[in-house]
Amino acid sequence: MASQQKIGSYAFLIGVAIAIIAGVLYGSGQSGMLGAAAGYIPLALVILGVVVGFLNIKDKETDKFLIASLALLAAPAAVQWLNQIPVIGMYLSGIVGNVAVFVAPAALIVALKAIYSLASEQVN
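Residues numbered from 1 in each chain as written. Predicted model: local features only at pLDDT ≥ 70, side-chain atom pairs only at ≥ 80, totals over all residues. Heavy atoms only, no water.

The next thing to look at is the side chain of Asn98. Among the secondary structure elements, Asn98 is positioned in helix H5 (residues 89-123). Among the polar contacts listed, one links the side chain of Asn98 to the backbone oxygen of Ala19, at a separation of 3.3 Å. (Helix = DSSP H or I, 4+ residues; strand = E, 2+ residues; numbered from the N terminus. Polar contact = N/O pair within 3.5 Å; in protein donor to acceptor, adjacent residues only side chain to side chain.)

What follows is about unusual backbone geometry. Positive phi, close to 70°, is recorded for Val87, a residue that is not glycine. Among the secondary structure elements, Val87 is positioned in the loop between helix H4 (79-82) and H5. Judged by relative accessible area, which is 67%, Val87 ranks as exposed. (Buried < 20%, exposed > 50% of the residue type's maximum accessible area, 1.4 Å probe, protein only.)

A separate point is the nonpolar core. Judged by nonpolar contacts, the single largest core of 16 residues is most densely connected at Leu45, Val52, Phe65, Val99 and Phe102. The set of elements that each furnish at least two residues to this core consists of helix H1 (2-27), helix H2 (41-55) and H5. Per-element tally for this core: the top contributor is H5, with 7 residues. (Core = buried A, V, L, I, M, F, W, Y, C linked by side-chain atoms within 4.5 Å.)

The next thing to look at is the side chain of Ser93. Note that Ser93 resides in helix H5. Setting aside residues up to four positions removed in sequence, Ser93 forms contacts with Val79, Leu82 and Asn83. (Contact = heavy atoms within 4.5 Å.)

Scanning the entire structure with this criterion turns up 1 aromatic pair. Judged by centre distance (6.1 Å) and plane angle (45°), the ring pair of Phe12 and Phe102 falls under tilted. With Phe12 in helix H1 and Phe102 in helix H5, the pair connects residues that are 90 residues apart, well separated along the chain. (Phe/Tyr/Trp six-rings, centres within 6.5 Å; stacked < 30°, edge-to-face > 60°.)

What follows covers H2. Helix length check: H2 (15 residues) gives 21 Å between terminal C-alpha atoms against 21 Å at 1.5 Å per residue, within 8%. Taken residue by residue, H2 has Ile41, Leu45, Leu48, Gly49, Val52, Gly53 and Leu55 as its buried positions. (Expected span 1.5 Å × (residues − 1).)

Here we take up the confidence of the model for the protein. A low pLDDT score tells you not to read the predicted coordinates there in detail. Per-chain confidence: the protein averages 84 in pLDDT, with 88% of residues scoring 70 or above. Mean pLDDT across the secondary structure elements of the protein bottoms out at H4, with 74, and peaks at H2, with 94. (pLDDT = per-residue confidence, 0-100.)

Quick look at a nonpolar patch on the surface now. A cluster of nonpolar side chains, contributed by Tyr10, Phe12, Leu13 and Ile14, occupies part of the molecular surface with about 420 Å² of accessible area. Mapped onto the fold, Ile14 is located in helix H1. The exposure class assigned to Ile14 is partly exposed, which follows from its relative accessible area of 44%. (Patch = residues over 30% accessible without salt bridge, like charges linked within 9 Å, V, L, I, M, F, W, Y side chains within 5 Å. Areas by Shrake-Rupley, 256 points an atom, 1.4 Å probe, with all protein chains shown as cover. Salt bridge = Lys/Arg side-chain N within 4 Å of Asp/Glu carboxyl O.)

Now the structure itself:
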């Protein structure tokens, strides 16, 4: 169990790091630096998000995580606004978009686990 928690923690840290680094490179117009890897970044973020959803979020953390996820997933709607900020707007826009790609699958997994838990309580 402790090793699963460790894997989930590492997946979270790696996912956030990839989201930030890729967001900065994309926002800076340097996405060419990523080469062929640029197409795999969203896939990596989704896979890491699924791992985080399964391994990192415990039952008592579900509500807080889902509320925070909703806030983060609503943030990309502000991307056009972020682009208006001089100098750093394009970087923030790239980071927020990548964080949303990372958080969405984790939120989906946690929400499905919560629904399953609620349904199984009704059966018992």
